[in-house]
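Summary of structural features
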Amino acid sequence: KEKIWDPGDVQLVLGGLGQDSVRFKGGGVEWMLSFDRMMISSAKADCGALASEILTRLPHTPIFATGANFVFQAPEITLENSAVKSLSGSLLKDFKDPDLLKWSVLCHEEDVRVEVSFVCGDQGGSISVNRHRNTESTEIALKVVSEFSTDKVNSFALVEKLLKGIQQC
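Residues numbered from 1 in each chain as written. Predicted model: local features only at pLDDT ≥ 70, side-chain atom pairs only at ≥ 80, totals over all residues. Heavy atoms only, no water.

Packing of helix H1 (residues 47–57) against helix H3 (residues 138–145) brings their axes to within 9 Å, and their N-to-C directions diverge by 160 degrees. In terms of their interaxial angle, H1 and H3 are classed as roughly antiparallel. Of the two elements, H1 crosses H3, and the hand of that crossing is left-handed. Packed against H1, whose contacting residues are Gly48, Ala51, Ser52, Leu55 and Thr56, the element H3 presents Thr138, Ala141, Leu142 and Val145 at the interface. Considered class by class, the residues forming the contact of H1 with H3 number five nonpolar, four polar and no charged. (Axes fitted to C-alpha atoms, helices over the stretch in contact; angles between N-to-C directions. Helix = DSSP H or I, 4+ residues; strand = E, 2+ residues; numbered from the N terminus. Parallel < 35°, antiparallel > 145°, perpendicular 65-115°, else oblique. Left-handed = near helix turned anticlockwise from the far one by under 90°. Contact = heavy atoms within 4.5 Å. Nonpolar A, V, L, I, M, F, W, Y, C, P; charged D, E, K, R; others polar.)

This part takes up the pairing of strand E7 (residues 112–121). Remember that side chains alternate between the two faces of the sheet whenever the strand is regular. Bridge count between strand E6 (residues 100–109) and E7: ten bridges; the pairing is antiparallel. Bridge pairing links Lys102 to Val119 in E7. Counting the residues between successive antiparallel strands, the hairpin from E6 to E7 contains two residues, one of them, Glu110, with a positive phi of roughly 55 degrees. In the sheet, E7 pairs with strand E8 (residues 124–134) via nine bridges, with the strands oriented antiparallel. Note that in E8 the partner of Val116 across the bridge is Val129. (Pairing = 2+ DSSP bridges.)

Turning our eyes to something else, we now look at the packing of aromatic side chains. The final tally for this structure, using the stated rule, is two aromatic pairs. Measuring from centroid to centroid gives 5.2 Å for Phe70 and Phe148, while their planes differ by 40 degrees, and the two rings are tilted. Taken together, the residues Phe70 in strand E5 (residues 65–74) and Phe148 in helix H4 (residues 148–168) connect sequence positions 78 residues apart. Grouping residues by exposure puts Phe70 and Phe148 together as buried. (Phe/Tyr/Trp six-rings, centres within 6.5 Å; stacked < 30°, edge-to-face > 60°. Buried < 20%, exposed > 50% of the residue type's maximum accessible area, 1.4 Å probe, protein only.)

All right, on to the nonpolar core then. Grouped together as the largest cluster of nonpolar side chains are 32 residues, with contacts concentrated most on Ile77, Cys120, Ile127 and Val129. Contact partners of Ile127, with chain neighbours within four places excluded, come to Phe70, Val71, Phe72, Val116, Ser117, Phe118, Val159, Leu162 and Leu163. (Core = buried A, V, L, I, M, F, W, Y, C linked by side-chain atoms within 4.5 Å.)

As for its placement among the helices and strands, Thr66 is situated in strand E5. The contact partners of Thr66, leaving out residues within four places of it in the chain, are Arg131, His132, Arg133, Thr135, Ala141 and Val144.

Below, the structure is given as structure tokens:
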């Protein structure tokens, strides 16, 4: 009704559907909708702008929280990396040849909960950054999603610092 999606561009994703949810994709964007959640995923589209469009067209939608998730690949950071070996050697001396190393930290930047997770295996590493904010109204949510690009830049800068730190170990 609101012409948010062009039905001709949408393909239903049939694998891995959760209870009472639907996933579909089109135009380089994947959507997951359930009773209590909407997720917009894309490697290229501005998900903040898409969320803003949804909130503007559907201002009656109840909003409790917003989150921006970014995943950065680091294929050069494997279990054979000297810093990773040093870390796993000193902290994980009771574990012989781990298959995967996971590390995470949770902190706050003013009203934003920031969770950073690092996963490293034989095929490289990835760093995920989740920026979570409580939002009690559409107005606040619109302000938050307008900061998506800034959140992405800040998350990238944080990941760059972490990777430099890992490489210096």
